[in-house]
Amino acid sequence: MGEHVLKRESAALFDYAQSFSDHIPFILGRTDFVEDKIADSGIEGLIRIFQMGGISFVLSLIIAVPLGVLAATKQYSRADYVITSVALVGISLPTFFFATLLKLVFSVKLGWFDLYGLVGRDYAQLDAMGQLLDKANHLVLPIVTLVIVSIGSYMRYTRTNMLEVLNADYIRTARAKGVSSVKILFKHALRNALIPIITVIGMEIPVLFGGQVIIEQVFSWPGLGLMTMSAITNRDY
C-alpha cells in the first residue's frame, strides 16, 4: 500500500515538474504576442512604470505638502476653501475620465501633445536631446493625470495633521514664550505633523502605482501594467 502511494506521489511530482518546464518559456522565452523575451520586456516595463510613478509621486508631494500647510495656517480663509475644494475635486475625479479629458483638450483640440505612445513617429530621426524631449513630451499628460488625482488626499492629510499639531499645548506654550511664527511652523509643527503623513504616504504608494494600469491603458504607455492587461485580454497566459 505504501509503495503504491509513493508511486502516485512520484507521478504527481513528475507531472508538476513537466508542467513547470512547459511554462519556463513564459519567463525566459517569447509568446505569440510579445516579440522580445518576456524577462527583458518585463524589466523594461518595470523601469517605465517606476519612471512615471516616481516622477508623479515626487511632484505630488512637492505640491500637496506646502498647500496643505498653507491651508492649515490660513484656516477658514479664502485660500483654505480653494485648496480644500481642489483637494475634493482631485479625490473625486475618476482617473480614466480625467485622463480622457486631458487628451481631448491638449491633444485633440490644441494639438500640444501626442494622443498615445512612448515616443513620436519621428523619434528615430531626432538627435539625443530631441529624443529626450520627445519622451518627456509623451510623459506630460500621464504624469499630470496622476498628480492631480493623488494630491487631493495628500493635501487633506497634511492639513488635518497640521491643524491638530498647531492646536497642541506645546505650540501655545511656544507662542506664549515669544517664539517666532516661522520657527514654530517649521521647527515644531511641521516636523511633528509629517510623522503620520509619511506613514499614510507609504500606504498610498501601492495605490499610486496601481492607478498607472489605467493610465497606461488610456495613453497606450508600454509599461508593466499595459503588458499585464494585454496578456489578460489576449489570453496570453
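Predicted model, so just to flag it, every value in this text is computed and none were measured.

Undergrad: Explain the overall build of the chain here, please?
TA: For the chain, the count of helices and strands is eight helices and zero strands. When its helices and strands are written in sequence order, the chain yields α-α-α-α-α-α-α-α. Expressed as a percentage of its 237 residues, the buried residues of the chain come to 34%. Taking contacts inside the chain between residues at least 6 apart in sequence as the whole, the part at least 24 apart equals 72%.

Undergrad: Which parts of the structure should I look at to understand the packing of helix α3 (residues 78-92) against helix α5 (residues 128-166)?
TA: Helices that pack against each other are described as a pair by the angle of their axes relative to one another and the distance between those axes. Interaxial distance between α3 and α5 falls to 7 Å at its minimum, and their mutual angle equals 130°. Between α3 and α5, the interaxial angle falls into the category oblique. α5 is crossed by α3, and the crossing has left-handed handedness. From α3, Asp80, Ile83, Thr84, Val86, Ala87, Leu88, Gly90 and Ile91 reach across to α5, where they touch Ile148, Val149, Gly152, Ser153, Met155, Arg156 and Arg159.

Undergrad: What exactly am I supposed to notice about the packing of helix α4 (residues 95-109) against α5 here?
TA: Between α4 and α5, the least distance of the axes is 10 Å, while the angle of their chain directions is 135°. Looking at the two axes, α4 sits oblique to α5. Viewed along their axes, α4 and α5 form a crossing whose handedness is right-handed. Facing Thr95, Phe98, Ala99, Leu102, Lys103, Phe106 and Ser107 of α4, the residues of α5 in contact are Leu141, Val144, Thr145, Ile148 and Val149. Class assignment of the residues belonging to the contact of α4 with α5 gives a composition of eight nonpolar, three polar and one charged.

Undergrad: Even after reading the chapter, I still don't get the packing of aromatic side chains, so can you show me in this structure?
TA: To describe a pair of aromatic rings, you give the distance between the ring centres and the angle between the ring planes. Across all of its chains, the model carries two aromatic pairs by this definition. Arranged with centres 5.7 Å apart and planes meeting at 45°, the rings of Phe106 and Trp112 form a pair that is tilted. On the basis of relative accessibility, which here comes to 25%, the residue Phe106 falls in the partly exposed class. Judged by relative accessible area, Trp112 falls into the exposed class, the value being 54%. Judged by centre distance (6.5 Å) and plane angle (70°), the rings of Phe106 and Phe113 are edge-to-face. Linked through ring pairs, Phe106, Trp112 and Phe113 together constitute an aromatic cluster. The side chain of Lys103 reaches across the aromatic face of Phe219, ending 5.7 Å from its centre.

Undergrad: What should I look at first to understand the side chain of Asp80 in this one?
TA: Residue placement: Asp80 occurs in helix α3. By relative accessible area, Asp80 is classed as buried at 2%.

Undergrad: Explain the environment of Ile55 here, please?
TA: With respect to the element layout, Ile55 can be found in helix α2 (residues 38-73). In sequence terms Ile55 and Leu146 are 91 residues apart; their C-alpha atoms lie 9.7 Å from each other.

Undergrad: Sorry if this is basic, but what is going on with the side chain of Thr158 here?
TA: Checked against the element boundaries, Thr158 lands in helix α5. Polar side-chain contacts of Thr158 include one of 2.8 Å to the backbone oxygen of Tyr154. Once residues lying within four places of it in the same chain are set aside, the contact partners of Thr158 are Ala64, Val65, Gly68, Val69 and Ile197.

Undergrad: Please explain the pattern of salt bridges as it appears in this structure.
TA: Opposite charge on two side chains permits them to pair, given that their charged atoms come into close proximity. Tallying each qualifying case throughout the model produces two salt bridges. Salt-bridge contacts for Arg159 lead to Asp80; the nearest nitrogen and oxygen are separated by 2.8 Å. Of this pair, Arg159 sits in helix α5 while Asp80 sits in helix α3, and the two are 79 residues apart along the sequence. Asp80 matches Arg159 in its accessibility class, with the two residues each being buried. The partner of Arg172 in a salt bridge is Asp169, and the shortest N-O contact between them spans 2.8 Å. Taken as a pair, Arg172 and Asp169 lie in helix α6 (residues 169-176) at a separation of three residues, close to a single helical turn.

Basis of the calculations
Residues numbered from 1 in each chain as written. Predicted model: local features only at pLDDT ≥ 70, side-chain atom pairs only at ≥ 80, totals over all residues. Heavy atoms only, no water. Helix = DSSP H or I, 4+ residues; strand = E, 2+ residues; numbered from the N terminus. Buried < 20%, exposed > 50% of the residue type's maximum accessible area, 1.4 Å probe, protein only. Contact = heavy atoms within 4.5 Å. Axes fitted to C-alpha atoms, helices over the stretch in contact; angles between N-to-C directions. Parallel < 35°, antiparallel > 145°, perpendicular 65-115°, else oblique. Left-handed = near helix turned anticlockwise from the far one by under 90°. Nonpolar A, V, L, I, M, F, W, Y, C, P; charged D, E, K, R; others polar. Phe/Tyr/Trp six-rings, centres within 6.5 Å; stacked < 30°, edge-to-face > 60°. Lys NZ or Arg CZ within 6 Å of the ring centre and 35° of its normal. Polar contact = N/O pair within 3.5 Å; in protein donor to acceptor, adjacent residues only side chain to side chain. Salt bridge = Lys/Arg side-chain N within 4 Å of Asp/Glu carboxyl O.

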